[in-house]
Amino acid sequence: MKHLIAPSVLSADFANLQRDIEMLNRSEADWLHIDIMDGVFVPNISFGFPVLQAIAKHAQKPLDVHLMIVDPDRYLADFKKAGAAVITVHYEACTHLHRTVQAIKNLGCKAGVAINPHTPVSVLEDILPDLDLVLVMSVNPGFGGQSFIEQTYQKLHKLKQLANAVNPNLLIEVDGGVGPGNIAKLVNAGASVLVAGNAVFAAEDPEKMIHQLKNI
Ligand code: DX5
Ligand code: ZN
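Description of the structure in this document. (Residues numbered from 1 in each chain as written. Chains lettered and ligands numbered in written order. Predicted model: local features only at pLDDT ≥ 70, side-chain atom pairs only at ≥ 80, totals over all residues. Heavy atoms only, no water.)

A count of helices and strands for the protein gives eight helices and eight strands. Computed over its C-alpha atoms, the radius of gyration of the protein comes to 16 Å, within 12% of the 17 Å expected for a compact globule of 216 residues. Over its C-alpha atoms, taken along the principal directions, the protein stretches across nearly 40 × 35 × 30 Å. Per-residue burial for the protein yields a buried fraction of 53% across its 216 residues. Here the analysis covers contacts within the protein between residues at least 6 apart in sequence; of these, 64% occur between residues at least 24 apart. If you sum the accessible surface of the protein, you get close to 9,600 Å²; carbon and sulfur atoms cover 49% of it. Once the 17 positive and 22 negative side-chain charges of the protein are each reduced to a mean point, those two points are 4 Å apart. (Helix = DSSP H or I, 4+ residues; strand = E, 2+ residues; numbered from the N terminus. Rg over C-alpha atoms; globule rule 2.2 N^0.38 Å. Buried < 20%, exposed > 50% of the residue type's maximum accessible area, 1.4 Å probe, protein only. Contact = heavy atoms within 4.5 Å. Areas by Shrake-Rupley, 256 points an atom, 1.4 Å probe, with all protein chains shown as cover. Lys, Arg positive; Asp, Glu negative; His and termini not counted. Charge placed at Lys NZ, Arg CZ, Asp CG, Glu CD.)

Attention shifts here to the pattern of salt bridges. Across all of its chains, the model carries five salt bridges by this definition. Arginine 19 is the partner of aspartate 13 in a salt bridge, and the nearest nitrogen-oxygen pair spans 3.7 Å. Relative accessible area serves as the criterion here: at 47%, arginine 19 is assigned to the partly exposed category. A salt bridge links arginine 74 to aspartate 71; the shortest N-O distance between them is 3.4 Å. A relative accessible area of 39% places aspartate 71 in the partly exposed class. Counted as one network, the salt bridges with shared partners bring together Asp13, Arg19 and Asp20. (Salt bridge = Lys/Arg side-chain N within 4 Å of Asp/Glu carboxyl O.)

A few words on the sheet that holds strand 4 (residues 84–90). Taken together, eight strands build an open sheet; the order of strands is 1-8-7-6-5-4-3-2 and the sheet is parallel. Looking along the sheet, the strands with just one partner apiece sit at the ends: strand 1 (4–7) and strand 2 (32–37). Taking each pair of neighbouring strands and ignoring which way they run, the sheet shows an average axis angle of 25°. The strands touched by helix 4 (residues 97–106) within the sheet are strand 4 and strand 5 (110–115), with strand 5 carrying the most contacts at an inclination of about 145°. (Pairing = 2+ DSSP bridges. Axes fitted to C-alpha atoms, helices over the stretch in contact; angles between N-to-C directions.)

Around ligand 1 lies a shell of 20 residues, among which Asp35, Gly142, Gly145, Asp175 and Gly197 are the nearest. In this structure, aspartate 35 approaches ligand 1 through a side-chain N or O atom, which is 2.7 Å from an oxygen atom. Backbone polar atom of glycine 142 to an oxygen atom of ligand 1: 2.7 Å apart, as the coordinates give it. Computed on the free molecule, ligand 1 has an accessible area of 380 Å², of which 99% lies beneath the protein chains in the complex. With three residues, strand 2 is the single largest residue contributor to the shell around ligand 1. (Near = heavy atom within 4 Å. Polar contact = N/O pair within 3.5 Å; in protein donor to acceptor, adjacent residues only side chain to side chain.)

Given below as structure tokens:
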């Protein structure tokens, strides 16, 4: 399978959201990555349901919702209702992760689990067969435009090995500091979904940049 590109709407121009979503619709982007931050799990607040609904109204591609919030169980049904196709929760934010994953699947969404840079992939060993996706954070979550953490490659190799044994169809997503300079190496290490915020929206021609990221 060719890798998927998921531009992060966090880096879009919120005053021209419809324009930017329409650009993503036209582009070779596969998914739209939606970062939800609560100011508690991460030191930043992004946006909530009114903005998500505005995005969903114009988006013609699956919404890949990355929940950087504590106690995500409270809002899973609301995110499904708002148009989420993929819902990813953080390992570090879920006490009863297995229950949360089942709840996401019962809603009819793909279920993802994200791990912070300090969290080893080994903690996912027992939940891996139940997951559609693992999101490996390659920066500390909270902000766009940060530098990629090089240790990520080793984590991807380990995760790919674990997944090959118990869940070969697992999607492996990488989020943070991804761009034209590291996508090839990330795909080689096992990544199948690449999130890119700053690399896309700070580019002179974002649509062309998405084409470039997709065809590396
Ligand atoms: C960071 C978010 C990312 C962010 C990526 O907490 O989860 O999705 O938008 O932005 P870049 O690609 O600029 O690092
Ligand atoms: Zn994200």
